[in-house]
Amino acid sequence: MIITEPLRVAVIGTGMIGMDLVDKIHRSALLHCELVAGRNPLSAGVRHASELGYPVSSDGIDAILAAPRPFDVVFDATNAHSHLEHWRRLEPLDTLLIDLTPSKIGHMVVPTVTGTRVPEQRDISLISCGGQASVPLVHALARAFPTRYIEVVTTVASTIAGRATRLNLDEFVQTTQQALSVFSGVRDTKAIINISPAVPPATFRVAISAEVEGATTESVYAVVTRAAEEVRAFAPGYAITACTVADTRVSISAEVIATSAVMPRHAGNLDIINAAAVLVAEQYAASRDSAAMTRVGQ
């Protein structure tokens, strides 16, 4: 019998998304957090990691690189501009970099569409929260019906849209739109983000509009609910809230309620992308375990 150790992982970024990542990693049997690095030593993410007993640093990527040996996985929860530098410096190492920023430079992964197999390139892009919520649905829709146009409007509560999100609005739109086209095969797509100041805070949601042929409300609903069930396997707060068809116009709405222990319910945008990130890392750990068992058995 082979007993393998959990993967050694680090988180760079100590805002709310980093704080929730650490909490999810803490509850994983396949991952062990060995460093949480950021720039603000007083941030909520640093405080939470310290309370859980994990090493912390305010030296950012330099702290990651100063570790005695490379980490198996690094989660980048900073911003798109910083990720370019992080990948440049980590690329020579045998480290899987999971990018939670909309940098658009890595291999795009949406777990229920692409699977979670790690490519040789080793820079995994999780696109954006809007991409994680909408791509499973538009992918399923375009596979089932001839589709000419897709538009996705992502709504995020202003209280959850931190500094990195606001810095990356252009990148969010561009990267999400690229993913919509890549995974649906539809060239004419549009992505929009709405940061809502509503009180109480708006639940994270995506509203999808599409032009399709030969669809009915019943047939579209059957397709998207199947896709949603797959997403709920790792993001249980994900749900279809509306689905209508009028002539060739399809309208679908989905929302994500955060099930995190450290975030409010309306932070579903962070919950779904973090859940996808941890799933990718856990599947990577499982694949390494399987490879190790195969080598021993030969």
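Taking an unreviewed UniProt entry as the reference, the protein chain is identified by name as Acetaldehyde dehydrogenase belonging to Nocardia pseudobrasiliensis. Here the protein chain is described in UniProt, under the heading Sequence similarities (unreviewed entry), as follows: "Belongs to the acetaldehyde dehydrogenase family." Annotation of the protein chain in UniProt includes, under Catalytic activity (unreviewed entry), the sentence "acetaldehyde + NAD(+) + CoA = acetyl-CoA + NADH + H(+)".

Caption draft 1: Representation of the UniProt feature "active site" (unreviewed entry) in the protein chain in the model. Here the UniProt-annotated "active site" (unreviewed entry) positions come out as C129. Summarising the element assignment, C129 is placed in helix α6 (residues 129-144). The exposure class assigned to C129 is buried, which follows from its relative accessible area of 12%. Sequence-distant contacts of C129, that is, excluding residues within four places in its chain, are made with F172, F204, N269, I272 and I273.

Caption draft 2: Examining the nonpolar core more closely. Judged by nonpolar contacts, the single largest core of 83 residues is most densely connected at F75, I98, L126, V220 and I252. Residue contributions to this core peak at twelve residues, all from helix α10 (residues 268-297). Domain assignment of the residues forming this core places at least three in each of domain 1 (7-127 + 271-297) and domain 2 (129-266).

Caption draft 3: Summary view of the sheet that holds strand β4 (residues 73-76). Sheet architecture is open: seven strands sit in the order β3-β2-β1-β4-β5-β7-β6, paired in parallel fashion. Since the sheet does not close on itself, it has two edges, and those belong to β3 (56-57) and β6 (107-108), each with one partner. Relative to strand β2 (residues 31-37), strand β1 (residues 7-12) runs parallel, the two being bridged by six bridges. Each bridged residue has a counterpart across the sheet, and for R8 the counterpart in β2 is H32. Taken strand by strand, helix α1 (residues 16-26) contacts β1, β2 and β4, and its axis lies near 165° from that of β1.

Caption draft 4: Here's a closer look at the domain arrangement of the protein chain. The domain architecture assigned to the protein chain consists of domain 1 (7-127 + 271-297) and domain 2 (129-266). Summarising the inter-unit geometry, the C-alpha centres of domain 1 and domain 2 are found 24 Å apart. Residue-level contacts link 28 residues of domain 1 with 35 residues of domain 2. Across the domain 1 to domain 2 interface the summed buried area is about 2600 Å²; carbon plus sulfur atoms make up 73%. Linking domain 1 with domain 2 are zero salt bridges, by the criterion used here. At the level of secondary structure, the elements contributing two or more residues to the side of domain 1 that touches domain 2 comprise α1, α4 (80-90), α5 (111-114) and α10. At six residues, the largest contribution of residues to the side of domain 1 that touches domain 2 is made by α10. Along the lines of polarity and charge, the residues of the side of domain 1 that touches domain 2 split into 16 nonpolar, seven polar and five charged.

Caption draft 5: Just the pairing of strand β8 (residues 147-157), in detail. Taken across its eleven residues, β8 has nine buried, putting it largely inside the fold. Alignment of β8 against strand β10 (residues 204-212), held across eight bridges, turns out to be antiparallel. Paired with T154 across the strands is V206, a residue of β10. Alignment of β8 against strand β9 (residues 189-196), held across eight bridges, turns out to be parallel. Bridge assignment links E151 to a residue of β9, and that residue is K190.

Caption draft 6: Looking closely at the pattern of salt bridges. Tallying each qualifying case throughout the model produces eleven salt bridges. Residues K24 and D271 are paired through a salt bridge, measuring 2.6 Å at the closest nitrogen-oxygen approach. Placement of the pair is K24 in helix α1 and D271 in helix α10, with a sequence separation of 247 residues. When its relative accessible area of 11% is taken as the criterion, K24 is described as buried. Residue D271 is classed as buried on the basis of its relative accessible area, which comes to 2%. What you see here is one network of salt bridges that share partners, running through R148, E211, E213 and R249.

Caption draft 7: Local environment of the sheet that holds β8. Sheet architecture is open: five strands sit in the order β9-β8-β10-β12-β11, paired in mixed fashion. Each edge of the sheet is formed by a strand with only one pairing partner; in this case those strands are β9 and β11 (238-246). For this sheet, the mean inter-axis angle between neighbouring strands, taken without regard to orientation, is 15°. Both β10 and strand β12 (residues 249-256) contribute to a ladder of eight bridges, which runs antiparallel. Following the sheet pairing, A207 is matched in β12 by S253.

Parameters at a glance
- Here the residue index of a chain counts from 1 through its sequence in written order.
- Residue-level local features of this predicted model are given only where pLDDT is at least 70; pairs of side-chain atoms are given and counted only at 80 or more, and the full residue set underlies all totals for whole chains, interfaces and linings.
- Think of the side-chain values as coming from all heavy atoms in the structure, minus any hydrogens and water.
- UniProt positions are given in the numbering used here, feature names are shortened, and annotations may be inferred rather than shown by experiment.
- The way it works is that DSSP assigns letters per residue, a run of H or I at least four long becomes a helix, a run of E at least two long becomes a strand, and they are numbered from the N terminus.
- For the exposure calls, accessible area comes from a 1.4 Å probe over protein chains only, and a residue counts as buried if that area is under 20% of its type's maximum, exposed if over 50%, partly exposed in between.
- The contact criterion used throughout is that any non-hydrogen atoms of two residues lie within 4.5 Å.
- By convention a nonpolar core is built from buried Ala, Val, Leu, Ile, Met, Phe, Trp, Tyr and Cys residues, the set being connected through side-chain atoms within 4.5 Å.
- Residue ranges assigned to each domain were obtained from an automatic or database domain assignment.
- We treat two strands as partners when DSSP finds at least two bridges between them.
- Only the stretch in contact is used when a helix axis is fitted, and all axes are lines through C-alpha atoms; the angle between N-to-C directions ranges over 0 to 180 degrees.
- Accessible area, probed at 1.4 Å, shrinks when two parts are joined; the buried area is that loss added up over both.
- Any carboxyl oxygen of Asp or Glu within 4 Å of a side-chain nitrogen of Lys or Arg constitutes a salt bridge here.
- Under the scheme applied, nonpolar residues are Ala, Val, Leu, Ile, Met, Phe, Trp, Tyr, Cys and Pro; charged residues are Asp, Glu, Lys and Arg; polar residues are all the others, including Gly.

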